[in-house]
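One-letter residues, chain by chain:
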Amino acid sequence: MIAKLEIDLAAVKANVAALRAMCAPAGFAAVLKGNAYGHGLVEVARAIEDDVDWICVYHAEEALVLREARIAGRILVLGPVEWQRLADLHEAGVSVTLWDTGSYRSFLAGVARSAKRPFGVHVKIESGVARYGFEPAAAPAALGTLLADADLAVEGVFTHLAAAEELESAFTIAQRDRFLGAIESSASLLAQRGTVRHAAASAAAMLYPTLRLDLVRCGIAVYGLWPSPQTRDAVGNPALLAPALRWTSTLVAVRNVPANTPVGYGCAFTTAKPSRIGVVPIGYAEGVPRAASGRGHVLIEGNNVPIVGRICMNATLVDVTGVPSARAGSLVTLIGSDGDATITADDWARWCDTINYEIVTRLPAGVPRSYVPPSPTKALLRAVP
Ligand SMILES: *Cc1c(COP(=O)(O)O)cnc(C)c1O
């Protein structure tokens, strides 16, 4: 075995159930962008489709892949869509995000008219991320126009928060007020049409009850990871979420090396004493972040062992001097537990000066994934395009 990613779909389902219960009566959207944060788009969707009200993705392609896999529930594309893809999305019954009343909308209306069926849209309002969305000042008029357009079915109106990982963030409260202010003049029409109002991603869903509104959009928490250490501390129940992903490999060689021997590219590490250096057969091509060179650890035989030297494209060197039983064939745990020791995506994030989101999302789609319980497709190897 070169490397293995095991995804516990029962843990994913339990996380969805826990978050749903916490946020009820708000509805629940699971965010499956970025290959379900590295966990596998189709397999995660199959596991949770009956547990959620919406699935959110970022790209048109992701939505169409889900439909090909016979995921039948409501799907929203959060990101920009090339106009050439709109007809396919409409035919597949996928909803899109609208943040202007210009060209994009006239394409939507054209597609809707020729199909004789309105296009499902969620209207995005910018409230503090400075990314996508109608400006709050322009939003009431725009929303009025869109709601009056028979070619559109305005199923949702939403915003995205910039700093909800902080408890009692004044910025977050101001974003909420800007958003609710922008949709106020359409309130009765929105209610009448059953249009859902949504704002909260994982952090706000857990920390800000007044931002749950009609629907929460949870990504990172679905996979059992916390949006930030502050969020975990503020919720005060670390057992609420169960990490779903386990990442392992196998030592393929162990070499005895004298003192004062340079190890790896650039001679970035030199042994201080006679050492045993183990070779893990995966590197940054397989998702081991190079930024963890000389900082990260892995688990071997229940021990924490340090990564030494620079992480290579297809290999990582570890110092197993302190683990006499380590040999070719020993299990290497990169994320998960071995005995009493555990390494998490948050540990990797700390070593690499990034966030757990990036660690799991960048695990390449081409690394074999196995699913517990196994998904019916047994699609263990997904080709890299
Ligand atoms: C990614 C994303 C989410 C989910 O964020 P998490 O912090 O992972 O829960 C929600 N809404 C939008 C618009 C997003 O882009």
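Because the structure is predicted, anything quoted here is derived from the model rather than measured.

Parameters at a glance
Residues numbered from 1 in each chain as written. Predicted model: local features only at pLDDT ≥ 70, side-chain atom pairs only at ≥ 80, totals over all residues. Heavy atoms only, no water. Helix = DSSP H or I, 4+ residues; strand = E, 2+ residues; numbered from the N terminus. Rg over C-alpha atoms; globule rule 2.2 N^0.38 Å. Buried < 20%, exposed > 50% of the residue type's maximum accessible area, 1.4 Å probe, protein only. Contact = heavy atoms within 4.5 Å. Lys, Arg positive; Asp, Glu negative; His and termini not counted. Charge placed at Lys NZ, Arg CZ, Asp CG, Glu CD. Pairing = 2+ DSSP bridges. Axes fitted to C-alpha atoms, helices over the stretch in contact; angles between N-to-C directions. Right-handed = clockwise from strand over helix to strand, strands pointing away. 1 Å grid on protein atoms, 1.4 Å probe; cavity = no way out; pocket = protein on both sides within 12 Å on 5 of 7 lines; lining within 4 Å. Points joined across faces, edges and corners; volume = space filled by probe spheres on them. Nonpolar A, V, L, I, M, F, W, Y, C, P; charged D, E, K, R; others polar. Expected span 1.5 Å × (residues − 1). Arc of directions from axis to C-beta. Polar contact = N/O pair within 3.5 Å; in protein donor to acceptor, adjacent residues only side chain to side chain. Near = heavy atom within 4 Å. Areas by Shrake-Rupley, 256 points an atom, 1.4 Å probe, with all protein chains shown as cover. Sits in = over half its atoms within 2 Å of the grid points. Salt bridge = Lys/Arg side-chain N within 4 Å of Asp/Glu carboxyl O.

When its secondary structure is counted, the protein chain shows 13 helices and 20 strands. Relative to a compact globule of 385 residues, whose C-alpha radius of gyration would be 21 Å, the protein chain shows 24 Å and is just as compact. Expressed along its principal axes, the backbone C-alpha trace of the protein chain runs to roughly 75 × 45 × 35 Å. For the protein chain, buried positions account for 52% of its 385 residues. If you take every contact in the protein chain between residues at least 6 apart in sequence, the share linking residues at least 24 apart comes to 65%. Of the charged side chains in the protein chain, 35 are positive and 35 negative; the average position of the first set lies 3 Å away from that of the second.

In spatial order, the strands read β11-β14-β17; together these three strands make up an open sheet with antiparallel pairing. The outermost strands of the open sheet, each flanked by one partner alone, are β11 (253-257) and β17 (316-319). For this sheet, the mean angle separating the axes of adjacent strands, direction not counted, is 30°. Of the pairings in the sheet, the one linking β11 to strand β14 (residues 275-280) comprises five bridges and is antiparallel in character. Looking at the pairing, Ala253 lines up with Val279 of β14.

Here we take up the pairing of strand β7 (residues 152-158). The buried fraction of β7 amounts to five of the seven residues, a majority that puts the element mostly inside the structure. As paired strands, strand β6 (residues 119-124) and β7 are joined by six bridges and run parallel to one another. Looking at the pairing, Lys124 lines up with Phe158 of β7. Once you follow β6 into helix α7 (residues 139-147) and on to β7, the crossover reads as right-handed. Pairing geometry for β7 and strand β8 (residues 196-198), over three bridges, is parallel. Looking at the pairing, Val157 lines up with Arg197 of β8.

Quick look at empty space enclosed by the protein now. Going through the model one piece at a time under the given rule, you end up with one cavity of 30 Å³ or more. For the largest cavity, the calculated volume is near 40 Å³. Lys124, Ile125, Glu126, Ser127, Val129, Arg131, Tyr132, Thr159 and His160 together form the lining of the largest cavity. Classifying every residue of the lining of the largest cavity by side-chain character gives three nonpolar, three polar and three charged.

The end-to-end C-alpha distance of helix α1 (residues 9-23) is 21 Å, a good match for the 21 Å that 15 residues give at a rise of 1.5 Å each. Among all positions in α1, only Leu9, Ala11, Val12, Asn15, Val16, Leu19 and Cys23 are buried. Along the long axis of α1, the arc covered by the buried residues comes to 155°, so they all point the same way. Looking at the packing, one finds that the buried side of α1 touches β1 (3-8), β2 (27-31), α3 (41-48), α10 (202-207), β9 (215-218) and β20 (369-372). Where α1 starts, the residue carrying a side-chain oxygen 3.0 Å from the main-chain nitrogen of Ala10 turns out to be Asp8.

Before going further, it helps to examine the site of the ligand. Neighbouring residues of the ligand: 14 residues in total, closest Lys33, Tyr37, Ser202, Ile220 and Tyr357. Between the ligand and Arg217, the relevant distance is 2.8 Å, taken from a nitrogen atom to a side-chain nitrogen or oxygen of the residue. Between the ligand and the protein, one listed contact pairs an oxygen atom with a backbone N or O atom of Gly219 at 2.9 Å. With the chains in place, 93% of the 390 Å² that the ligand exposes on its own is no longer accessible. Using a 2 Å cut-off from the grid points, one finds that the ligand occupies the largest pocket. Secondary-structure elements contributing two or more residues to the shell around the ligand are α2 (33-37) and β9. Here the residues of the shell around the ligand sort into eight nonpolar, three polar and three charged.

Residue Ala24 is joined to Pro25 through a cis peptide bond whose omega torsion reads 10°. With respect to the helices, strands and loops of the structure, Pro25 is situated in the loop between α1 and β2. Positive phi values are uncommon outside glycine, yet Ala130 reaches one of about 55°. The backbone phi angle of Asn260 is positive, close to 60°, even though this residue is not glycine. By secondary structure assignment, the location of Asn260 is in the loop between β11 and β12 (262-263).

What follows is about the pattern of salt bridges. Inspection of the entire model under this criterion finds 12 salt bridges. Between Glu358 and Arg362 there is a salt bridge; the shortest N-O distance is 2.7 Å. We classify Arg362 as exposed; its relative accessible area is 60%. Several salt bridges share partner residues, and in doing so they unite Glu61, Arg85 and Asp88 into one network.

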